[in-house]
Amino acid sequence: MITVPVNASKKYDILIGRELLPKAGSLIRETAGGEKAIVITDSNVDRYHSETVTESLRRAGYEAVKYVIPAGEDSKNLGTLSEILSFMAANHLSRNDVAVALGGGVIGDITGFAAAVYMRGIRYVQMPTTVLAAVDSSVGGKTAVDLPEGKNLAGAFHQPELVICDTDTFETLPERDYNNGFAEVIKYAMIADDEIFAMLDGADIEEIIRRCVEIKAEIVEEDEFESGRRQILNFGHSIGHAYEKLSDYSLLHGEAISCGMVKICEIAEDRGMCSEDCTGTLKAALKKYSLPLHADYSHEAVAEAIRMDKKAAGDSINLIMPLGRGEVAIVKTGLQELKSMLKIQE
């Protein structure tokens, strides 16, 4: 088992390895405590993993219950959040109890947000079951739900007590969902460590996850609340989130971010900020995982969607622009200028 520590406002560990789900109860007992545990999961993950986790919690002495929501981004909304909070209250969870997020990014985001606001904050544990959640959304304490106007517009920073990543869960993922997570892996190669590109040619998945979460942990420790360097984790995300929304979430998150990263690289290349080799390396890596490179939406529609992005401030937004493999810059950009950039690239 690999352990990566996070030293943010709350210190916690990320555990990475195989056969961790049956040990979850004792691991959570050691770190989170409490008498009751609520497992939040989705209809896909429930079929494979929730019984193992709830039984492990009960063996560790917890009174364990579960709440299952429909799988998919459509469930990540205020209505589902309200239902989860009511379920917590109906089961008499106290401030000393714990919520367990068992699933992908949607589950991690909504469970973390519920934990942040229930009784003004209770403990929670992230148990990512997808590559995407393992390398990115389960770490760092960003929690949220979507609004009709855009993605992740209601949320809170709330760090978990523990992250348990059992890589055996990836074996139950459809190929599309497995590949989806590698967009975020490749993001880390672009923003911080181009050696990750080489790891894609044969490194164990545990080592790939380890390297990605080491990078994220270091960035979160430096800038927990995204006022500075943490913004580089949004590489490809402003445009990617726009693609997600415009597709009505038929594009998976990683697929949309894949297209967003390519688009911002093409813009940077056109402006002389990065080389064709940089864009080519990115595209080649994404193709290995059958990730799309372009999304066919007009520059007007994309610009309007970006205007609602939570990262926009007034008439500008901070874009994360590539300077080369493993190096990016934060560039404040007017929304009208961005619209022109997108038009040139159509």
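Residues numbered from 1 in each chain as written. Predicted model: local features only at pLDDT ≥ 70, side-chain atom pairs only at ≥ 80, totals over all residues. Heavy atoms only, no water.

Peer 1: Looking at this structure, I do not really get the overall build of the protein chain. What am I missing?
Peer 2: Secondary structure assignment for the protein chain yields 15 helices and twelve strands. Expected size for 346 residues packed as a compact globule is a radius of gyration near 20 Å; at 19 Å, the protein chain falls within 12% of this value. If you line up the protein chain on its principal axes, its C-alpha atoms span 60 × 40 × 35 Å. Within the protein chain, buried positions represent 59% of all 346 residues. As displayed, the protein chain has an accessible area near 13,700 Å², and 47% of this comes from carbon and sulfur atoms. (Helix = DSSP H or I, 4+ residues; strand = E, 2+ residues; numbered from the N terminus. Rg over C-alpha atoms; globule rule 2.2 N^0.38 Å. Buried < 20%, exposed > 50% of the residue type's maximum accessible area, 1.4 Å probe, protein only. Areas by Shrake-Rupley, 256 points an atom, 1.4 Å probe, with all protein chains shown as cover.)

Peer 1: What am I meant to see in the pattern of salt bridges here?
Peer 2: Opposite charge on two side chains permits pairing when their charged atoms draw close. Enumeration according to the criterion identifies 26 salt bridges in this entry. As a salt-bridge pair, Lys142 and Glu226 come within 3.1 Å of each other at their nearest N and O atoms. Taken together, the residues Lys142 in strand S7 (residues 142-147) and Glu226 in the loop between helix H10 (205-222) and helix H11 (237-246) connect sequence positions 84 residues apart. In this structure, Arg211 engages Glu214 in a salt bridge whose closest nitrogen and oxygen atoms are separated by 3.3 Å. One end of the pair, Arg211, and the other, Glu214, are both in helix H10, three residues apart, so they sit about a helical turn from each other. (Salt bridge = Lys/Arg side-chain N within 4 Å of Asp/Glu carboxyl O.)

Peer 1: Even after reading the chapter, I still don't get the packing of aromatic side chains, so can you show me in this structure?
Peer 2: Aromatic ring pairs: the centre-centre distance and the angle between the two ring planes describe each pair. Under the definition given, this model contains five aromatic pairs. Geometrically, the ring pair formed by Tyr67 and Phe87 is tilted, given 4.8 Å between the ring centres and 45° between the ring planes. Pair noted here: Tyr67 is in strand S4 (residues 63-69) and Phe87 is in helix H4 (residues 78-90), with a separation of 20 residues, a long-range link. The class of Tyr67 is buried, set by a relative accessible area of 18%. Three or more aromatic residues joined by ring pairs form one cluster here, namely Tyr178, Phe182 and Tyr289. Just above the ring of Tyr62 sits the side chain of Arg29; from NZ or CZ to the centre is 4.0 Å. (Phe/Tyr/Trp six-rings, centres within 6.5 Å; stacked < 30°, edge-to-face > 60°. Lys NZ or Arg CZ within 6 Å of the ring centre and 35° of its normal.)

Peer 1: Sorry if this is basic, but what is going on with unusual backbone geometry here?
Peer 2: Note: most residues except glycine have negative phi, and most peptide bonds are trans. Positive phi outside glycine occurs at His92, with the angle close to 60°. Its location among the elements puts His92 in the loop between H4 and strand S5 (98-103). On the basis of relative accessible area, His92 is assigned to the exposed category, the value being 58%. Even without being glycine, Tyr249 reaches a positive phi, approximately 65°. Along the polypeptide, Tyr249 turns up in the loop between H11 and helix H12 (253-270).

Peer 1: Just checking my understanding: could you explain the state of the cysteines for this structure?
Peer 2: Disulfides are covalent bonds that link the sulfur atoms of two cysteine residues. Using the criterion set out here, one finds zero disulfides in the structure. Cys259 forms no disulfide, and the closest cysteine sulfur to it belongs to Cys265, at a distance of 13 Å. The exposure class of Cys259 is buried, given its relative accessible area of 2%. Residue Cys265 stays outside any disulfide, its sulfur separated by 4.6 Å from that of Cys278, the closest cysteine. (Disulfide = S-S within 2.5 Å.)

Peer 1: What is the right way to read the sheet that holds strand S11 (residues 316-324) from this model?
Peer 2: Either a parallel or an antiparallel arrangement is found when strands of a sheet pair, and the pairing is made through backbone hydrogen bonds. Spatially, three strands are ordered S10-S11-S12 in an open sheet, and the strand pairing comes out antiparallel. Each of the sheet's edge strands pairs with one partner strand only, and the pair in question is strand S10 (312-313) and strand S12 (327-334). The sheet contact formed by S11 and S12 spans eight bridges and is antiparallel. By the bridge assignment, Gly324 is partnered in S12 with Glu327. (Pairing = 2+ DSSP bridges.)

Peer 1: What is the right way to read the side chain of Thr130 from this model?
Peer 2: Looking at the secondary structure, you find Thr130 in the loop between strand S6 (123-128) and helix H6 (131-137). Discounting residues that sit within four places of it in the chain, Thr130 has contacts with Gly103, Gly104, Gly105, Phe170 and Leu173. (Contact = heavy atoms within 4.5 Å.)

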